[in-house]
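Chain and residue survey
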Amino acid sequence: MAVSGRRPGLISYEQVILFYTVAQEECREKLGAPCIVARGRIFIDIEVDRVLEVLKLRSVDNVNVILKMVTNFDFPSEREKCFEKLYKFAESPDWRKGMNVWKTVFDYKEDPIKEIRALQNDLAKPRPDLDLKNMKANSGIISNLPEDIIPKHLRTGDGSQHTEDTLIEKATETNKDQQQRTANGPKFRVSCNRTGSSHNFGSPEAARQFGAGVNEMFGWPVDLSKFDLEILLYIDTEFVYVGVCLTKEPLFKRNLSNFGPTNLRATTCYNMIRLAAPKLGDVVIDPMCGGATIPMEGSLTYPKAFHLGGDNFEQAVKRSRENVNNLLGKGKSMPVDVARWDVTQLPLRNNSADVIVSDLPFGKRLGSKVDNRVLYYRALLEMARVTKPETGRAVLLTQDRNSMIKNIKRVPTLWKSLTSRTVNIGGLTAVIFMLQRTALFPEGVNLEQIQKEEESS
């Protein structure tokens, strides 16, 4: 997919883009700009002077400005030729336009591009011993690598576990001559994100060669940890693009000061709340709020509704209050409160809530799937009691899909299942269930008898 060369396209990515339809709606609503979804990313074509508006979107984790995109990027069969092509690819991006955007976003005072030197074919020395040491044993490119450069741990089968990150610590390390060159300008690193198994090089190797070209052209110093500028090289099976990161820290961290074991990303919270669509005066409840990530995001984005969160664990309630107080201390005006309660016995009147939005226990770090079979049923009954018939609705996230489906089927007179969406939460495949309250009110239920039936099943 090509991005207009007249204006820098913007891409937002990470797990939240699995809510791509919600993110598209926010882009159209707030930016009025065309956006296209491709490979789990949203590309937006927007004027340079409107870039700061993109950073205010609530549904995206990271924002990058695209400097160059090439479809059908043909990689040679020889590794050395691939390295040469990646090295020379550093000449292709529209660096001046991209760096003007970066300079504006980060308020960089100087012109980052003092001069542009011609490349002298001074490729970085390949270091497979360094670049490929973190490759996983199941990496698809192993069969494409020469036998003599395959990392030792993969040839000897020592069973070591490694992770090939998309942000490679040693990716932009260049050769000794380049390191000794007098450097000036922003400190930078290159991070390579590569998909597909047809390549005969690893992500760190690609980043090293492209980074060598950037270093030679501009003389910018390389710093892998305390960098000013992060350049993204994305290599897909269908296209290759270069981008400059406009978010040093992911936007999903924007609300929390006190983190718990299962905090939900602010961007995921926003997308869930947007699916629930709170209206003026609605009471929005998160009966298992953890660190209050959902109520806080809801109160910031839908301030004309009242948001209430609660949890059974005292430590979680304490974290929630600290997080809320932290934002209040920054001058945020939030119609939100938190309390300690039991989701199966909420201290709320019948029909007092309009919307339920909650991240249910997955049964991984907290609880178990055996517990969920009972908890989900009791929670659905209690949420039905406090939610208004007919107009009430719920947006519930869980990784324990089977327990949820089973229990929704047990309460068809109280909750109507509208739809569900599969999302990736911290590497786990989870599901968001959207439910609508029926017109009926829950009748008395013998919970002790239900629990005995569950334990015996």
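About the thresholds
- Per chain, residue numbering runs from 1 following the sequence as it is written.
- Two thresholds apply to this predicted model, a pLDDT of at least 70 for residue-level local features and 80 or more for giving and counting side-chain atom pairs, whereas whole-chain, interface and lining totals are computed over all residues.
- Heavy atoms throughout the structure, all of them, feed into the side-chain values; hydrogens and water do not.
- Secondary structure follows DSSP: runs of H or I at least 4 residues long count as helices, runs of E at least 2 residues long count as strands, and numbering of each begins at the N terminus.
- Here the term buried applies to any residue with accessible area under 20% of the maximum for its type, exposed to any over 50%, and partly exposed to those in between, with areas from a 1.4 Å probe on protein chains only.
- By the convention used here, residues are in contact when the closest approach between their heavy atoms is within 4.5 Å.
- Under the convention used here, a 1.4 Å probe and the Shrake-Rupley method define accessible areas, while residue burial counts only the protein chains that appear.
- The angle between two axes is taken between their N-to-C directions and runs from 0 to 180 degrees, where each axis is a line fitted to C-alpha atoms and a helix contributes only its stretch in contact.
- An angle counts as roughly parallel when it lies under 35 degrees, as roughly antiparallel when it exceeds 145, as roughly perpendicular when it falls between 65 and 115, and as oblique in every other case.
- Less than a right angle of anticlockwise turn of the near helix away from the far helix marks a crossing as left-handed, whereas a clockwise turn marks it as right-handed.
- Any residue that is not Ala, Val, Leu, Ile, Met, Phe, Trp, Tyr, Cys, Pro, Asp, Glu, Lys or Arg is counted as polar, Gly included; the first ten are nonpolar and the last four charged.
- For this analysis, a nonpolar core means a set of buried residues of the types Ala, Val, Leu, Ile, Met, Phe, Trp, Tyr and Cys, connected via side-chain atoms within 4.5 Å.
- We define a salt bridge as a contact between a side-chain nitrogen of Lys or Arg and a carboxyl oxygen of Asp or Glu at a distance within 4 Å.
- For two strands to be treated as a pair, DSSP must find no fewer than two bridges joining them.
- By convention a crossover is right-handed if, when the strands point away from the viewer, the path from the first strand over the helix to the second runs clockwise.
- The predictor rates its confidence in each residue with pLDDT, a number between 0 and 100.

Attention now moves to the overall build of the protein chain. Counting its secondary structure elements, the protein chain contains 14 helices and 14 strands. Taken across its 457 residues, the protein chain has 51% of its residues classed as buried. A separation threshold of at least 6 residues defines the contact pool for the protein chain, and within that pool the share at least 24 residues apart is 77%. Working note: accessible area of the protein chain is about 21100 Å², and carbon and sulfur atoms make up 47% of it.

On to the packing of helix α9 (residues 266–276) against helix α10 (residues 293–301), then. Relative to each other, α9 and α10 sit at 65°, their axes nearing to 9 Å. By the angle between their directions, the pair α9 and α10 is classed as roughly perpendicular. In terms of crossing hand, the pair formed by α9 and α10 is right-handed. When α9 is examined against α10, the residues A266, C269, Y270, M272 and I273 are found in contact with a partner set consisting of T293, I294, E297, G298 and T301. For the contact of α9 with α10, the class distribution of residues is six nonpolar, three polar and one charged.

Turning to the packing of helix α3 (residues 79–88) against helix α8 (residues 203–218), a few remarks are in order. The interhelical angle for the contact between α3 and α8, taken along N-to-C directions, is 40°, at an axis separation of 7 Å. In this view, α3 runs oblique relative to α8, as classed from their interaxial angle. Our pair here, α3 against α8, has a crossing hand that is right-handed. Two secondary-structure elements touch here, α3 through R79, F83, L86 and Y87 and α8 through E205, A206, Q209, F210, A212, G213 and E216. Among the residues making up the contact of α3 with α8, the classes are represented as six nonpolar, two polar and three charged.

This part is about the nonpolar core. One broad rule of soluble globular proteins: the nonpolar side chains tend to lie buried together. Of all hydrophobic cores here, the largest spans 51 residues; its most connected members are I44, W95, F210, I231 and L233. Looking at which element gives the most residues to this core, the answer is α8, with seven residues. Apart from the residues within four sequence positions on either side, W95 is in contact with L67, A90, I113, F210, V214, M217, F218, I231 and V242. Counting 28 residues, the second largest nonpolar core, distinct from the first, contains M288, Y377, M383 and L396.

Phi angles above zero are rare outside glycine, and N72 is one such case at about 55°. Note on N72: relative accessible area 66%, which makes it exposed. Of note in the backbone geometry, E390 takes a positive phi value of approximately 75° without being a glycine. Inspection of the secondary structure puts E390 in the loop between α12 (369–386) and β12 (393–398).

Counting across every chain of the model gives 18 salt bridges. A salt bridge links E25 to R274, with the nearest nitrogen and oxygen atoms 3.9 Å apart. Taken together, the positions of E25 in helix α1 (residues 20–30) and R274 in helix α9 put the pair 249 residues apart, joining distant regions of the chain. By relative accessible area, E25 is classed as partly exposed at 39%. Judged by relative accessible area, R274 falls into the buried class, the value being 13%. Look at the salt bridges and you will find they share partners, linking E25, E29 and R274 into a network.

With respect to the helices and strands, the residue R321 is situated in helix α11 (residues 314–329). Exposure remark for R321: the relative accessible area of 42% places this residue in the partly exposed category. Spatially, the C-alpha atoms of R321 and V338 are 6.8 Å apart, while their sequence positions differ by 17 residues. Those residues in contact with R321, other than ones at most four positions away along the chain, are V338 and A339.

This paragraph deals with the sheet that holds strand β9 (residues 306–311). What the seven strands build is an open sheet, ordered β10-β9-β8-β11-β12-β14-β13; its pairing is mixed. Pairing within the sheet leaves two strands with one partner each, and these edge strands are β10 (336–340) and β13 (415–425). Between one strand axis and the next, the sheet turns by 15° as a mean value, whatever way the strands run. Of the pairings in the sheet, the one linking β12 to strand β14 (residues 428–437) comprises six bridges and is antiparallel in character.

Right, let's talk about α1 for a bit. When α1 is considered as a whole, its buried residues turn out to be V22, A23, Q24, E26 and C27. Where α1 ends, the next residue or the one after it, G32, has phi of about 60°, a positive value.

Here we take up the pairing of strand β5 (residues 188–194). Of all seven residues making up β5, seven are buried, and the element is well covered by its neighbours. Residues F188, V190, C192 and R194 line one face of β5 and the alternating positions R189, S191 and N193 line the opposite face, and both faces are buried. Judged from the seven bridges that link them, β5 and strand β6 (residues 229–235) form a sheet pairing that is parallel. From the neighbouring strand, C192 faces β6, where its bridge partner is L233. At this point the chain moves from β5, through α8, to the parallel β6, and the crossover so formed is left-handed.

Residue-level pLDDT values for the protein chain average 82, and 81% of them are 70 or greater. When pLDDT is averaged over each helix and strand of the protein chain, the minimum, 43, is found for strand β1 (residues 9–13) and the maximum, 98, for strand β8 (residues 283–286). Segment residues 11–18: pLDDT under 50, and 39 contacts once partners within four positions in sequence are set aside and those in other chains are kept. Under a pLDDT of 50 for its full length, residues 158–180 has, in the predicted model, 58 contacts with residues more than four places off or in other chains.

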